[in-house]
Amino acid sequence: MIKLLKNLMKSPMFVVGIAIFILSLLIAIFGPVFYNVDINARDIVAGPYAPSSSEHLLGTDHLGRDYVSLLIAGLRSSLYVGLIAGIIATTIGVFIGLFGGFRGGWIDEVLNMGTNLFIVIPQFVILVLISSAVKEGRSLTLIGLIIGLTSWSWSARSVRAQASSLRSRDHIALAKMNGDGNLKILIKHVLPYLLSYVFMVFIMQVSSGILSEASISMIGLGPLDSTSLGIILNQAKDNGALSDSIWIAFLPATLVITLTVFALYLINTSMEGVFNPRLRK
Amino acid sequence: MSDVVLEVDHLSLHYLSRFGEKFHAVRDVSFTVSKGEVLGIAGESGCGKSTLVSGLMGMCIPPLHVTSGDVRINGESLMNRSVEDVRANVLAQKISMIPQGAFNTLNPVRKIKDSAADVFYAHQKAGQRLSRAEINDRIFDRFDELGMETKRILNSYPIQLTAGERQRSVIGISTLLNPEIVIADEPTSALDVSTQKEVITMIFDLLNKGIFSSMIFITHELPLLYHVADDIAIMYKGQFVERGTSEQIVKNPQHDYTKMLMKAMVRCDYVK
Amino acid sequence: MSNENKPVVFHADNISKSFNAGKHLKVAVKNASFDIYDGDFVSIVGSSGCGKSVLAKMMLGLYPPTSGDFTYYGKPIANTKKHWNEVQSIFQDPFSCFNQFFSIRTQLEDARFILNPRPSRAEFAERVDAGLRAVNMEPNEIREKYPFELSGGQMQRMLIARAFALRPKVLIADEPTSMVDAHVRAGILDYLMKIKKELNMTVVFITHDISLANYVSNRIFIMHDGQIVNQGTPDEVLGTTTEPTTLKLLDDIPDVNKQEWIPNSHLARKAKIAENA
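Residues numbered from 1 in each chain as written. Chains lettered and ligands numbered in written order. Predicted model: local features only at pLDDT ≥ 70, side-chain atom pairs only at ≥ 80, totals over all residues. Heavy atoms only, no water.

I keep staring at the overall build of chain C and nothing clicks. Help me out?
Each helix and strand in chain C was counted, giving 10 helices and 10 strands. Over its C-alpha trace chain C gives a radius of gyration of 20 Å, about what one expects of a compact globule, namely 19 Å for 277 residues. With respect to the principal axes defined by its C-alpha atoms, chain C has extents near 70 × 45 × 45 Å. Per-residue burial for chain C yields a buried fraction of 58% across its 277 residues. Of the roughly 11,900 Å² of accessible surface on chain C, 49% is carried by carbon and sulfur atoms. The positive charge centre, built from 32 side chains, and the negative charge centre, built from 32, are 5 Å apart in chain C. (Helix = DSSP H or I, 4+ residues; strand = E, 2+ residues; numbered from the N terminus. Rg over C-alpha atoms; globule rule 2.2 N^0.38 Å. Buried < 20%, exposed > 50% of the residue type's maximum accessible area, 1.4 Å probe, protein only. Areas by Shrake-Rupley, 256 points an atom, 1.4 Å probe, with all protein chains shown as cover. Lys, Arg positive; Asp, Glu negative; His and termini not counted. Charge placed at Lys NZ, Arg CZ, Asp CG, Glu CD.)

This is the structure in structure tokens:
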């Protein structure tokens with residue numbers, strides 16, 4: 001494990017990616033400690049869309065709220081949603097993919113059919129429909145849950161392909177003949193081959209979760225209980241920032257989303273080369 | 001037997017590790033192959049056979065380096081030339097290789113005829129471009145000449161063929177440009193005895209038709225070399241320890257290592 | 001040698017095995033009937049695709065027969081730990097036999113868990129060492145090695161060492177020396193024969209090389225297209241046979257005593273030149 005980390009640290013892509021990601025995590029968690037401005041405080045003196053000043057580093061929004069503190073809160077919500085969506089989608093995907101791929105037979109066929117069904121259904125439409133159906137209780141956690149429940153199909157598919165190609169390998173037969181039970185075979189002889197895959201799938205799911213949340217919030221179906229990056233964009237759009245070309249209303253939030261997702265992609269790509277022991281040596 | 005096709009002159013090759021350590025894989029090997037001659041090279045795995053092949057093809061890609069010596073094909077030296085130059089002007093046209101695993105050589109998502117056409121495309125010179133139709137004609141003619149089920153094999157993907165058909169296709173493809181000399185590196189060790197015989201028969205068919213004139217055949221099976229090669233060289237720890245006619249090597253080995261190889265051979269009295 | 005009073009290890013009565021290959025059925029083993037007796041060294045010989053490897057996996061209980069009766073000491077073969085405690089195997093493709101995430105050593109030593117009674121870790125490690133030495137490998141050299149650092153021949157020898165360490169009652173060896181250097185092969189087979197005699201093992205040896213079969217075994221089955229076309233002692237099968245598959249297998253071996261193995265080879269041409277001169 002330490003060896004793995006050492007090798008990962010050799011890859012510049014990984015170092016840059018993890019640095020950006022950790023920085024964004026730190027800001028999301030500890031940001032309010034250092035930049036303590038209440039997000040609900042409306043600075044009426046400075047007025048709507050105040051320019052940046054020593055009081056408000058990036059100025060204020062249409063209500064006179066401080067942009068930096070909004071961004072910090074938004075980042076925190078976005079990462080939270082991404083993580084929840086990622087964990088749910090990966091867990092469902094890995095479970096279905098592994099079970100179907102390793103078992104084979106009719107169970108596999110049924111599960112595979114279900115997975116394919118979820119792949120062809122346009123995920124975003126489902127997301128919009130469900131979000132608009134739950135009007136009152138649309139919380140951050142619920143949005144994350146919905147995203148997770150609608151986006152697991154890709155991870156199931158890739159894990160299944162890997163697992164079923166492993167099934168015919170003789171090392172599985174040899175493990176059986178060593179007396180290993182099904183669970184031990186799964187953990188010791190199948191999962192290691194999939195671990196890098198599962199991890200990469202997880203990272204992809206987190207980043208796509210963040211993006212999905214931003215998109216759905218932007219069109220006004222986001223969580224009602226908190227400020228996310230998508231909500232900042234939505235409010236900017238709804239309050240004429242687009243027509244008045246107030247770029248400061250869009251740019252920082254978009255940039256934060258882009259940077260976070262970019263960092264996750266960098267981590268994902270660099271892991272590919274490191275996880276495989278064949279490439280490692 | 002006077003026209004020398006391949007001349008290897010005191011060739012030594014070494015691998016350079018990341019820490020600057022040298023590993024000498026081939027030490028001071030000299031030999032010649034004449035027109036019409038088949039030279040067999042026998043030795044255990046790790047004795048430097050495959051490294052020697054890389055050297056003979058002018059493919060010294062780091063960490064493999066030339067220590068000293070020279071390799072000449074028809075008098076033209078392959079040393080101190082860029083890999084691209086060798087690949088474009090020497091490989092497939094003057095020297096070609098038949099590898100061990102046909103599965104690793106053929107692109108699994110391309111039909112055999114497309115893989116074959118690639119050989120022509122890779123070695124086209126400006127001013128003499130062939131059209132796809134002409135290339136196809138030449139490929140089909142060649143496979144016909146070799147007595148294969150041309151239409152079916154050329155229109156198949158590697159996975160649809162048997163191991164023997166795949167290996168024969170690879171041989172057909174690697175000799176499309178009529179090389180002077182062919183290096184066969186364990187071409188049959190992954191095949192069963194019957195398929196092995198088919199493949200070897202085909203190789204000799206090519207040789208007798210003059211599609212290539214000389215061959216280096218590498219294997220660790222001495223009885224096979226006895227039937228295939230004119231001369232056999234025994235390689236041990238990077239060096240040639242003995243060279244003689246196949247008759248001499250098999251019936252009257254001189255070096256202790258060769259004697260050991262012959263002694264360890266599993267024979268069957270029912271084979272007549 | 002008479003087999004009548006020896007217990008029957010494997011009894012096959014008209015067994016067949018077929019697989020679904022797309023739309024049609026692929027029959028790998030067709031109506032095979034045979035008995036393998038205690039202490040036998042049986043070779044199953046045939047060219048690739050003749051069904052010999054499928055038959056091997058059926059003996060291991062990894063594939064149940066599609067039809068017919070296949071028993072081990074009178075009981076139907078099941079894929080249970082009890083079966084593998086006694087019947088072990090050397091698989092054909094060494095490249096797919098090892099888990100690339102663990103060192104070879106731990107994977108060899110993991111085999112002790114099938115044994116009943118289970119030997120201690122130290123005792124089994126010693127047996128693995130002895131097995132490795134028997135196949136010309138230095139145990140210390142491979143202690144920390146991972147599968148992808150070894151050649152096919154070396155991995156194959158690891159599998160043989162595993163089988164030697166397990167000392168099973170019945171060993172199914174599927175092309176165990178196909179990637180091993182020719183001069184090491186005889187030594188490994190000699191050791192296999194020695195350990196077989198010591199432990200009174202029953203060995204099923206699968207190969208495409210009839211001379212190896214003749215070298216090691218007391219009975220030979222010839223397979224062609226899923227069927228056993230010829231069976232008996234080496235003398236019966238190879239001596240005076242007229243069966244075409246057997247004759248072809250004999251004919252295809254490049255032996256140094258043969259004058260003309262391939263009609264158009266150099267040797268044949270030289271012989272002709274000498275004749276004409």
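Looking at this model, I keep getting lost on the overall build of chain A. Mind explaining?
Across its full length, chain A carries 12 helices and 0 strands. Ordering the α and β elements of chain A from the N terminus gives α-α-α-α-α-α-α-α-α-α-α-α. Relative to its 281 residues, chain A shows a buried fraction of 49%. A fraction of 71% describes how many contacts in chain A between residues 6 or more apart in sequence connect residues 24 or more apart. Total accessible area on chain A stands at roughly 14,000 Å², and carbon and sulfur atoms take up 70% of it. On chain A, the mean spot of the 20 positive side-chain charges and the mean spot of the 15 negative ones are 19 Å from each other. (Contact = heavy atoms within 4.5 Å.)

I would appreciate a short explanation of the packing of aromatic side chains in the present structure.
The way to describe two aromatic rings as a pair is by their centre distance and the angle between their planes. Residues and elements named next belong to chain A. The final tally for this structure, using the stated rule, is 14 aromatic pairs over all chains. Between phenylalanine 118 and tryptophan 152, the ring centres sit 4.8 Å apart and the planes meet at 50°, which makes this aromatic pair tilted. One end of the pair, phenylalanine 118, is in helix H4 (residues 105-120); the other, tryptophan 152, is in the loop between helix H6 (140-150) and helix H7 (153-167), with 34 residues separating them in the sequence. Exposure remark for phenylalanine 118: the relative accessible area of 34% places this residue in the partly exposed category. (Phe/Tyr/Trp six-rings, centres within 6.5 Å; stacked < 30°, edge-to-face > 60°.)

Sorry, what's going on with the arrangement of the chains here?
By contact count, the dominant pairing among the 2 pairs of chains in contact is that of chains B and C. One thing to see here is that chain A and chain B don't touch, and their nearest C-alpha atoms sit 12 Å from each other.

I'm lost on the interface of chain C and chain A in this one. Help?
Put simply, an interface is often sized by how much accessible area is lost when its parts join up. At the interface, 28 residues of chain C touch 18 residues of chain A. Both sides together, the interface formed by chain C and chain A hides about 2,200 Å², and carbon and sulfur atoms give 58% of it. Three residues stand out in chain C for area buried against chain A, namely Gln100, Phe101 and Phe148 of chain C, and they jointly supply 25% of the buried area on that side. On inspection of chain C and its partner chain A, the count reaches 2 salt bridges. Of the charged contacts, one joins lysine 57 of chain C and aspartate 170 of chain A as a salt bridge, the two residues approaching to 3.1 Å between their closest N and O atoms. Where chain C touches chain A, the interface holds 13 residue pairs in polar contact (both at pLDDT 80 or more). (Buried area = accessible area lost by both parts, 1.4 Å probe. Salt bridge = Lys/Arg side-chain N within 4 Å of Asp/Glu carboxyl O. Polar contact = N/O pair within 3.5 Å; in protein donor to acceptor, adjacent residues only side chain to side chain.)

Explain the interface of chain B and chain C here, please?
On the side of chain C, 37 residues touch chain B, which itself brings 39 residues to the contact. Interface area, chain B with chain C, both sides summed: about 3,700 Å², of which 58% is carbon and sulfur. The three residues of chain B that bury the most area against chain C are Lys197, His227 and Tyr270 of chain B, which together make up 21% of that side's buried surface. For the pair chain B and chain C, the number of links is 3 salt bridges. For glutamate 221 of chain B, the salt bridge identified is with arginine 185 of chain C, shortest N-O distance 3.2 Å. Seen at the junction of chain B and chain C, the total is 10 residue pairs in polar contact (both at pLDDT 80 or more). Sorting the residues of the side of chain B that touches chain C by element identifies helix H8 (193-208), helix H9 (222-228), helix H10 (246-251) and helix H11 (256-263) of chain B as the ones contributing at least two each. In terms of residues, the side of chain B that touches chain C owes the most to one element, H8 of chain B, which gives 10 residues. Of the residues assigned to the side of chain B that touches chain C, the class counts are 20 nonpolar, 9 polar and 10 charged. (Nonpolar A, V, L, I, M, F, W, Y, C, P; charged D, E, K, R; others polar.)

Looking at this model, I keep getting lost on the pattern of salt bridges. Mind explaining?
When the charged atoms of two side chains lie near each other, side chains of opposite charge can form a pair. All names here are of chain B. Per the stated rule, a full pass over the model turns up 32 salt bridges over all chains. The residue arginine 72 makes a salt bridge to glutamate 7 at a minimum N-O spacing of 3.3 Å. Taken together, the residues span a long stretch of sequence, with arginine 72 in strand E4 (residues 64-73) and glutamate 7 in strand E1 (residues 4-16) at a distance of 65 residues. Several salt bridges share partner residues, and in doing so they unite Glu7, Asp9, Asp70 and Arg72 into one network.

Explanation requested: the sheet that holds strand E2 (residues 22-34) of chain B in the structure shown.
The strands making up a sheet associate through hydrogen bonds between their backbones, and the pairing can be parallel or antiparallel. All names here are of chain B. Taken in spatial order, the 4 strands of this open sheet run E2-E1-E4-E5, and their pairing is antiparallel. Looking at which strands have only one partner, the edges of the open sheet turn out to be E2 and strand E5 (76-77). Pairing of E1 with E2 involves 9 bridges; the strand directions are antiparallel. Along E2, the bridge assignment pairs valine 4 with serine 34. In the packing of helix H1 (residues 49-56) onto the sheet, contacts are made with E1, E2 and E4, and the angle to E1 comes to roughly 120°. (Pairing = 2+ DSSP bridges. Axes fitted to C-alpha atoms, helices over the stretch in contact; angles between N-to-C directions.)

Quick question: what am I supposed to make of a nonpolar patch on the surface here?
Residue and element names in this part refer to chain A. A grouping of Ile22, Leu25, Leu26, Ile29, Phe30, Val33 and Phe34 is seen on the molecular surface, where their side chains present a nonpolar patch of about 720 Å² in accessible area. As for its placement among the helices and strands, leucine 26 is situated in helix H2 (residues 12-34). Looking at leucine 26, the relative accessible area reads 42%, which means it is partly exposed. (Patch = residues over 30% accessible without salt bridge, like charges linked within 9 Å, V, L, I, M, F, W, Y side chains within 5 Å.)

Please explain helix H4 (residues 121-134) of chain C as it appears in this structure.
Residue and element names in this part refer to chain C. Here H4 is 14 residues long and its end C-alpha atoms lie 20 Å apart, about the 20 Å a rise of 1.5 Å per residue gives. Here H4 has its buried residues at Phe124, Ala125, Arg127, Val128, Asp129, Gly131, Leu132 and Ala134. Looking at the packing, one finds that the buried side of H4 touches helix H3 (104-109), helix H5 (152-166) and helix H6 (182-199). Once H4 ends, the next one or two residues include asparagine 136, with phi positive near 65°. (Expected span 1.5 Å × (residues − 1).)

What is the right way to read the pairing of E1 of chain B from this model?
Two faces, one strand: in a regular strand the side chains alternate between the faces of the sheet. Residue and element names in this part refer to chain B. Connecting E1 to the antiparallel partner E2 that follows it, the hairpin turn spans 5 residues, and glycine 20 within it adopts a positive phi of roughly 85°. With 8 bridges connecting them, E1 and E4 associate as antiparallel partners. In the sheet register, valine 8 faces E4, and the bridge partner there is valine 71.

Honestly, the packing of helix H4 (residues 112-122) of chain B against helix H5 (residues 132-145) of chain B in this entry has me stumped. Any pointers?
Describing two packed helices takes the angle between their axes plus the distance from one axis to the other. Residues and elements named next belong to chain B. Closest axis-to-axis distance for the H4/H5 pair is 10 Å, and the angle between their directions is 115°. As the angle between them shows, H4 and H5 are arranged roughly perpendicular. Handedness of the crossing formed by H4 with H5: right-handed. Here Lys113, Asp114, Ala116, Ala117, Phe120 and Tyr121 of H4 come into contact with H5, specifically with Arg132, Ile135, Arg138 and Ile139. Looking at side-chain class alone, the contact of H4 with H5 contains 6 nonpolar, no polar and 4 charged residues. (Parallel < 35°, antiparallel > 145°, perpendicular 65-115°, else oblique. Left-handed = near helix turned anticlockwise from the far one by under 90°.)

For this particular structure, what's the right way to read the confidence of the model for chain C?
Low-pLDDT stretches of the model should not have their predicted coordinates read in fine detail. The share of residues in chain C with pLDDT of 70 or more is 94%, and the mean pLDDT across the chain is 87. The complex prediction reports pTM at 0.79, with the ipTM value standing at 0.82. (pLDDT = per-residue confidence, 0-100.)

It is not clear to me how unusual backbone geometry should be interpreted in this structure. Could you clarify?
Comment: phi is negative for the bulk of residues other than glycine, and the bulk of peptide bonds are trans. Along the chain, proline 62 of chain B connects to proline 63 of chain B via a cis peptide bond; the corresponding omega equals 10°. Checked against the element boundaries, proline 63 of chain B lands in the loop between H1 and E4. Here the phi dihedral of histidine 10 of chain B falls at roughly 45°; this positive angle occurs in a residue that is not glycine. Note that histidine 10 of chain B resides in strand E1. Its identity as a non-glycine residue notwithstanding, asparagine 14 of chain C has a phi of 55°, on the positive side. Among the secondary structure elements, asparagine 14 of chain C is positioned in strand E1 (residues 8-21).

Would you mind showing me how to read the sheet that holds E1 of chain C here?
All names here are of chain C. Here we have 4 strands laid out as an open sheet, ordered E2-E1-E4-E5, and antiparallel in their pairing. Both edges of this open sheet fall to strand E2 (24-37) and strand E5 (75-76), since each of them pairs with a single strand only. Judged from the 2 bridges that link them, strand E4 (residues 67-72) and E5 form a sheet pairing that is antiparallel. When the bridges of E5 are listed, tyrosine 72 appears paired with lysine 75.

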